[in-house]
Amino acid sequence: MRHDQRAEKFRQIVENKFQIYNSLFMSLPYDKMTNIGMLLPFLYEESKIGYEAGKTPEEIVEEFFKNHTDLQTEEQKTELLFKIIQYIERQVVLFDSIEDAAFPNLHSESDNGTVTNMYERSLEVHKLKKIRKKLQDFSVKIVFTAHPTQFYPNSVQRILHDLRNAITTDSVTNIDMLLQQLGKTPFVNKEKPTPIDEALSIIYYLRYVYYDSIGELFTKIKSTFGSEHFHLHEDLIQLGFWPGGDRDGNPFVTADVTKRVAEELRSAILKAYYNNLKSVRRRLSFRGVSEVLGILSSELYTAIFRNEKIEAGDIIKRLDEAEEILVTQHNSLFVNLLHDFRDRVKIFGTHFATLDVRQDSRIHQQVIDEVFTKVFGTKEASYEDKFNQLIQISEKVNADDFEDIVKDTLLTVSQVSEIQELNGSRGMNRYIISNSDAVKDVMNVYAFFKVCGYQDEEINMDIVPLFETMEGLANAESVMKELYQNPIYQKHLQKRGNQQTIMLGFSDGTKDGGYLKANWEIYKAKEVLTQLSEQNGIKVVFFDGRGGPPARGGGKTHDFYASQGKTIANNKIELTIQGQTITSIFGNKEQAKYNFEQLLTAGVENDVFKNAKKELTEKERALIIKLADISYQKYSDLKAHPMFVPYLQEMSTLEYYGKTNIGSRPSKRGGGNELKFEDLRAIPFVGSWAQLKQNVPGFFGFGFAMQKMKEQGRFEEVRELYKGSDFFKTLVLNSMMSMNKTYFPLTYYIKNNPKFGAFWNVLFDEYSLSKEIMLELTGFKMLQQEDPLSRKSVKIREKIVLPLLSIQQYALMKLQKGEGNKEAYEKLVTRSLFGNINASRNSA
């Protein structure tokens, strides 16, 4: 479907439907929300005209009260603002549902990046055999994290799901009832969710979205590329899981929590099998087959409700038995149902998703030090001596001899074998170390298993370093080189099939080094680690820690993978997704299947259809290095500005993220009241810039670097780089996406602020420069010109939330001045976070 056709379709089935159902929405009799739908357009107009005229949010909101209401008291006014926020939150849900329902009509089976398109291309250029070969040695893994960027409670997510279905069939009666339900359903968690709550929320998606979408996609690939001599491997599409296993900075994730989540994952997949089997049995009602499937149904029931052990192999054995009877006695009728079911058992095993363990390297060192002191009665020893003595102790260390984090770490490691016994080896098979920047960070984890009584052959875990800061990325090569040459680690790697997973953090990398520098350093690190791993006979897999927006490694993610050249290992695409990205990109079966497909084909086509635009020449490399270094200096100067942290603290929503009750994890590292840049977590950091509609981490320094090249008469080189390098082009387009979601008029008033005016102007000047020079570079007349659907979607969403932004800034201004009811204004700021983040869909 062409861009113009798709844009017209979007107008018809998204924009028009939103107008129709929004008018229905405005007329519904909500509890205590009478006339809000009538007042909202006035606040929007006051905001739009007011900001362009340079008015402050306070002036705009007060004029709205004066011109369109007869409210007198502060209490009445804040009550109305709360009602408006509630109303806008629900408008966002309505638009989400309409846009999601339209997805299948806006994307076709033969779009670029689909399996069908890849098959047709392979036939045209006679590469079918190569595609099949790559499919046998490639996989995609999506890892769901518990990071707090999801603001919809489970009850609202279920309404969203039902509303989407009702809109698909244009069932006005159902839509009317669901909008009424939406109006009366709370959007806020009264208390912070526990790690178990977070896990169950995502398990809902595993069971009701990914079980079918991945199963159907696997069947589609199998039927498209399969042949008598070619069979897909079941690990082609994999799921990973962090809620309940990721304890980095989250004291509420304990060994007990990890074990409980592993049990929930096992229970969820067995229930999915049980339900799937019901539909299979409705068709396979034949003598002999029916009895075998009845036995399997009983075995699954017992495993679910009496917690008796059942392995994937046991289920497959029963299905094989049923198939043999079906083929020999019943003409193979409905045999495809058995094949599809068996494929899903092979894909999901008894684990559903692989539960990872993650912890910070500094915590690990604390554990090692305390265990050594307890066992050997002294603190005085070098790291090497501690390690060598600990891995040789003959008796298992008793976790109960320790307290708090040390005890819990030992219990977590001790129960790995129990989880693997119940969920299978794929249920838990790796330990990730945050803030890795030395060999000891990896070897400490190996030592944990030894002190917990594991023999070498019993350590069935991959140990995964996570390099996430500029320093960590710079050290990655030397760390991995030393590890590959360490005899103990070599032996461990041999046992793990000589495969090493290395995680790279985009979120903290961008926070630390700026957008362009972070992406280039990660690209270089991948190249260096690829070469190093090949030299040591190791198959390396890169695991990318990405967030939603470009500033956290998100954006058009599949374009990143499609742009990587042959200098970067392409054995597997593995990345994290979280919160609103789960609901907006993988939130329903059609979207999930499409986006899994896009990632899979990006990796496969990258190897099979070679493209010179993917390979950087030495001249192009030199230019990117120059641009990255200049942008890094510009971004570093911004971080060093004395107003940088105070601006975020006083003028943004940074300090309110921890009050939103959307995640179990604290919003900053470290204790104490003083806020330091290094303590900031990437999510509230990037999210706060998004709430200000400034999105600084997504572009700052990029335009300045290009302007410097222009001043040196080298802009034509940059233009050629954009045209010739897919990698650089992807960075530019994603940065333009970030800028398209900015709205600096919202904060025009700050330019006259005596404390922050000069700092605001630094931000605005860089935005203006970056926008101007990127439009010149691309030849576009507007931001996101190449993606009209996203541009239209952003425009509607920004229109919906503009009144919300006015309310948020109004409340912040009141707090800054110390005026009025502090508690009420703080609640307004916190509450306005919800709809604002949800409307942006990838802002944190």
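Our subject is the structure that appears above.
Rules behind the numbers
- Residues numbered from 1 in each chain as written.
- Predicted model: local features only at pLDDT ≥ 70, side-chain atom pairs only at ≥ 80, totals over all residues.
- Heavy atoms only, no water.
- Phe/Tyr/Trp six-rings, centres within 6.5 Å; stacked < 30°, edge-to-face > 60°.
- Helix = DSSP H or I, 4+ residues; strand = E, 2+ residues; numbered from the N terminus.
- Buried < 20%, exposed > 50% of the residue type's maximum accessible area, 1.4 Å probe, protein only.
- Lys NZ or Arg CZ within 6 Å of the ring centre and 35° of its normal.
- Pairing = 2+ DSSP bridges.
- Contact = heavy atoms within 4.5 Å.
- Axes fitted to C-alpha atoms, helices over the stretch in contact; angles between N-to-C directions.
- Expected span 1.5 Å × (residues − 1).

So, the packing of aromatic side chains
Evaluation of the coordinates by the stated rule reveals 45 aromatic pairs. An angle of 70 degrees between the planes, with centres 6.5 Å apart, marks the rings of Phe-65 and Tyr-810 as edge-to-face. Residue Phe-65 is located in helix α3 (residues 57–68), and its partner Tyr-810 is located in helix α33 (residues 788–817); the two are separated by 745 residues in the primary sequence. A single burial state applies to Phe-65 and to Tyr-810, both of which are buried. Relative to Phe-543, the ring of Trp-242 lies with its centre 6.1 Å away and its plane at 80 degrees, an arrangement referred to as edge-to-face. Remark: Phe-543 occurs in strand β8 (residues 539–545) and Trp-242 occurs in the loop between β2 (237–241) and α10 (255–283); sequence separation between them is 301 residues. Judged by its relative accessible area of 2%, Trp-242 falls in the buried class. Classification of Phe-543 by relative accessible area gives buried; the value is 0%. Pairwise contacts between aromatic rings join Phe-144, Tyr-204, Tyr-205, Tyr-208, Tyr-210, Phe-586 and Phe-596 into one cluster. Across the ring face of Tyr-204, the terminal group of Arg-158 is positioned such that the distance to the ring centre comes to 4.1 Å.

Details of the sheet that holds strand β9 (residues 572–578)
As summarised here, the arrangement of the nine strands in space is β3-β2-β1-β9-β8-β7-β6-β5-β4, forming an open sheet in which the pairing is parallel. Edge positions in the sheet fall to β3 (354–355) and β4 (357–360), since each has one partner strand and no second. Looking at chain direction, strand β6 (residues 462–467) and strand β7 (residues 499–505) are connected through two bridges and run parallel. Counted as the bridge partner of Leu-466 is Met-503 from β7. Docked against the sheet, helix α25 (residues 589–608) engages β1 (139–145), β2 and β9, running at close to 135 degrees with respect to β1.

Considerations on the pairing of β1
Burial analysis of β1 places seven of its seven residues in the buried class, the great majority of the element. Side chains Ser-139, Lys-141, Val-143 and Thr-145 project from β1 onto one buried face, and the interleaved Val-140, Ile-142 and Phe-144 project onto a second face that is buried too. As judged from the seven bridges shared by β1 and β9, these two strands associate in the parallel manner. Residue pairing for β9: Val-140 is matched across the bridge by Ile-573. Pairing between β1 and β2: five bridges, direction parallel.

Details of unusual backbone geometry
A positive phi angle, close to 55 degrees, is found at Asn-331, a residue other than glycine. Relative to the helices and strands, Asn-331 is located in the loop between α12 (312–329) and α13 (335–348). The phi dihedral of Asn-435 falls on the positive side, at around 55 degrees, and the residue is not glycine. Mapped onto the secondary structure, Asn-435 falls in the loop between β5 (430–434) and α18 (439–451).

Observations regarding helix α31 (residues 726–740)
The terminal C-alpha atoms of α31, which comprises 15 residues, lie 21 Å apart, in line with the 21 Å expected from a rise of 1.5 Å per residue. Of all 15 residues in α31, 14 are buried, a share of seventy percent or more.

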